[in-house]
Amino acid sequence: MEKKEVSFNNFEQCIKCTVCTAYCPVVPVNPRFPGPKQAGPDEERLRLKNKMFFDENLKYCLNCKRCEVSCPSGVNIADLIQSARRRYSAATPTLRDTILANTDIMGHLARPFAPIVNSMVAAKPVKAVMDAVLDIDKNRTFPKYKAHGFVGWFNREARSKQAAYSKKVAFFHGCSTEFQHPEVGKAFVEVMNAVGYGVELMNEECCGVAMIANGLWKQASRHAKHNVAVFEKMVGEGLPIVATASTCTFTMRDEYPHVLDVDNSKVRDSITLVEKFLFDLIDAGKVILVFKKDYAARIAYHIPCHMEKLGWSIFTKRLMQMIPGVAFTVLDSGCCGIAGTYGFKKENYKNSQEIGRPVFEQIRALAPDFVCSECDTCKWQIEMSTGYKVLNPIVILAEALDLPATTAANRQ
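Let us look at the structure shown here.

Rules used in this analysis
- Residues numbered from 1 in each chain as written.
- Predicted model: local features only at pLDDT ≥ 70, side-chain atom pairs only at ≥ 80, totals over all residues.
- Heavy atoms only, no water.
- Buried < 20%, exposed > 50% of the residue type's maximum accessible area, 1.4 Å probe, protein only.
- Helix = DSSP H or I, 4+ residues; strand = E, 2+ residues; numbered from the N terminus.
- Pairing = 2+ DSSP bridges.
- Axes fitted to C-alpha atoms, helices over the stretch in contact; angles between N-to-C directions.
- Contact = heavy atoms within 4.5 Å.
- Salt bridge = Lys/Arg side-chain N within 4 Å of Asp/Glu carboxyl O.
- Polar contact = N/O pair within 3.5 Å; in protein donor to acceptor, adjacent residues only side chain to side chain.
- Patch = residues over 30% accessible without salt bridge, like charges linked within 9 Å, V, L, I, M, F, W, Y side chains within 5 Å.
- Areas by Shrake-Rupley, 256 points an atom, 1.4 Å probe, with all protein chains shown as cover.
- Left-handed = near helix turned anticlockwise from the far one by under 90°.
- Nonpolar A, V, L, I, M, F, W, Y, C, P; charged D, E, K, R; others polar.

A look at the pairing of strand E2 (residues 197-201)
Next, step 1: Of all the five residues making up E2, four are buried; the element is thus mostly covered by neighbouring parts of the structure.
Next, step 2: Where strand E1 (residues 167-172) and E2 come together, five bridges link them in parallel fashion. Its bridge partner lying in E2, Lys168 is registered against Gly198.

Here we look at the sheet that holds strand E7 (residues 370-372)
Next, step 1: The strand order across the open sheet formed by four strands is E6-E5-E7-E8, and the pairing between neighbours is parallel. Of all the strands in the sheet, just strand E6 (326-330) and strand E8 (390-391) have a single pairing partner and so form its edges.
Next, step 2: Where E7 meets E8, two bridges bridge the pair, whose relative direction is parallel. When the bridges of E8 are listed, Cys372 appears paired with Leu391.

A look at the pairing of strand E5 (residues 297-301)
Next, step 1: The element E5 is largely enclosed, with a buried count of four among its five residues.
Next, step 2: The pairing of E5 with E6 spans five bridges and is parallel. The residue of E6 that forms the bridge with Ala297 is Val326.
Next, step 3: Note: E5 against E7, three bridges, orientation parallel. Its bridge partner lying in E7, Tyr301 is registered against Cys372.

What about the sheet that holds E1?
Next, step 1: Spatially, E2-E1-E3-E4 is the arrangement adopted by the four strands of the open sheet, whose pairing is parallel. Every interior strand has two partners, whereas the edge strands, E2 and strand E4 (271-273), have only one. Averaged over all neighbouring strand pairs, the angle between strand axes comes to 40°, with direction disregarded.
Next, step 2: Relative to strand E3 (residues 241-243), E1 runs parallel, the two being bridged by three bridges. Counterpart to Ala170 in the pairing with E3 is Ile241.
Next, step 3: Taken strand by strand, helix H15 (residues 274-283) contacts E1, E2, E3 and E4, and its axis lies near 85° from that of E4.

Focus: the pattern of salt bridges
Next, step 1: Scanning the entire structure with this criterion turns up 27 salt bridges.
Next, step 2: For Asp254, the salt bridge identified is with Arg268, shortest N-O distance 2.7 Å. Taken together, the residues span a long stretch of sequence, with Asp254 in helix H14 (residues 246-258) and Arg268 in the loop between H14 and E4 at a distance of 14 residues.
Next, step 3: The residue Glu354 makes a salt bridge to Arg357 at a minimum N-O spacing of 2.9 Å. Of this pair, Glu354 and Arg357 both sit in helix H18 (residues 346-366), three residues apart, which is roughly one turn of the helix.
Next, step 4: Overall, the relative accessible area of 37% leaves Arg357 in the partly exposed class.
Next, step 5: Shared partners join several salt bridges into a network, and the residues in it are Glu12, Lys16, Lys37, Asp42 and Arg45.

As for unusual backbone geometry
Next, step 1: In the Ramachandran plot, Lys16 falls in the positive-phi region, its phi being about 60° despite a non-glycine side chain.
Next, step 2: Summarising the element assignment, Lys16 is placed in the segment before helix H1 (19-23).
Next, step 3: A residue is classified by how much of its surface remains accessible, and Lys16, at 46% relative accessible area, is partly exposed.

Here's the deal with the environment of Asn30
Next, step 1: Take Asn30: it is sitting in the loop between H1 and helix H2 (36-47).
Next, step 2: For the pair formed by Asn30 and Phe250, sequence separation is 220 residues and the distance between their alpha carbons is 26 Å.
Next, step 3: Once residues lying within four places of it in the same chain are set aside, the contact partners of Asn30 are Tyr60 and Asn351.
Next, step 4: Polar side-chain contacts of Asn30 include one of 3.0 Å to the backbone nitrogen of Arg32.

Brief notes about the environment of Ser176
Next, step 1: Along the chain, Ser176 falls in helix H10 (residues 174-179).
Next, step 2: You can call Ser176 buried: its relative accessible area is 10%.
Next, step 3: Note: C-alpha distance between Ser176 and Ile136 (40 residues apart in sequence) is 19 Å.
Next, step 4: Among residues more than four places away in sequence, those in contact with Ser176 are His181, Asp376 and Trp380.

Some remarks on a nonpolar patch on the surface
Next, step 1: Together, Leu46, Met52 and Phe53 make up a nonpolar patch on the protein surface, roughly 300 Å² of accessible area in all.
Next, step 2: Exposure remark for Phe53: the relative accessible area of 38% places this residue in the partly exposed category.

Re the packing of H15 against helix H17 (residues 313-321)
The axes of two packed helices give the description: the angle between them and the distance between them.
Next, step 1: Axis separation between H15 and H17 bottoms out at 8 Å; the angle between their running directions is 60°. Classified by chirality, the crossing of H17 by H15 is left-handed. For the pair formed by H15 and H17, the contact residues are Glu275, Lys276, Leu278, Phe279, Asp280 and Ile282 on the first element and Phe315, Thr316, Arg318 and Leu319 on the second.
Next, step 2: In terms of residue class, the contact of H15 with H17 is built from five nonpolar, one polar and four charged.

Structure follows, in C-alpha cells:
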C-alpha cells in the first residue's frame, strides 16, 4: 500500500481570503508564480494526494514571509512552499545555483585573490560571460571580498581581551561578516565589550539559507545539524547565541525545524539578534549607553522582510532613536527584491528590481545620509540600486557611542 503523505503544516486553517496574495511582492511582476494561496494551502491539498500536482514555478517564491506576516489565520504559507520544493521538486541545482549557494566555500576561494576577483566580477566582459554561461545577470553588482576577514582580526586583536569579562555571548557572525563586511563583526565586539560582555566565536557553518533557496537540501541540513550541536554546547555553558544578520537569525530559529526538519527546540529561544539583546539589557537597567555629543545623521530604516517576520524591528527603532542628533525615518514596508541569491539570477533580475522600486524611490526622495538595515543582501541591493550607503545597526551604534564613556559607565 502506498504511504499517504501527511502535511506538517496548518494549511487547513486557510480561510481563502487571499490577503497573502495581495501582499505577495512576486505576484504583480511575475505571472508564472501562482501566488502564495494557490502555491501554499490550495496546492498542498492536491500534492498530498499526488505529487504530480507539484508546480516547479514555486521556485519564483522569494521566501520573504510577507504572506505569513499578513495571514489572519497564522498559516505558515511560505514554509509550505519551501517544504513542497524540498519534497517534490525534480529540478537539479545548476552550477550557478551551487556557486551562489556555497557562500562560505566561495569566500574561502576568493579571499587569497580578493583584489583580482573583485576587479574581474566588476568587468563588463566577465559579466557578459557570466550572463551567457551561468545566467547570472550582467547588471548585478557583486559585493566586494575582503583580503582579511573578521575571524583573523578577532584572533589577532580581540580574542586575548575577552577573558577579562565574566559575562559572555556566543557570536554567530555569518558568511558576509567574514568575507565581505568584517566591520560588522568588529563593531559587534566593540559594543559588546563596552557594555561589559565578552565575545566567544564558535565553530559555526553557514546558516544555510542560500542552500535552501537553491535546492541544496542535504547540504543545508548538514549545516543546520552542525550549528544546532554547536549552539547546544554554548547554551549549556550559559551563553546566548547572538547574531547581527536578520536572515541568518530567522533561518536558524524557524527554517531549521519548519523547512529542514532539524530539531532546534533546545536552543531556539537562545538565538537572538544583537538589537534585541541590547535593548532587553537597557530596558532592564543592566546596561548604560553613552553617546557622542557631536554625532548627527539623517537615517532611513529599511526593515528586511525576515525582520518583519521576526517582529523585532521595534528594537532597532528604539536603539536608533536613543541616539541624540539622529533624524530617523522608517521606510514604508516593502521588499527590496533581492531575496539573497534570487536577484542575482538572470531570470529574476528584472522582477527583482521592479519589486524593490518603491523602496528605492522612497530612499531617493528622502535623501538620507545613509540607510540602516540588518540584512546584508538588502544592503547590496539598495546600495547598487540607489547609490546610498547602507549600514548595519551595530555599525551605527559603534560609531555613535562614546565607547570609553560607555565602558566606564558599565563598570560601576
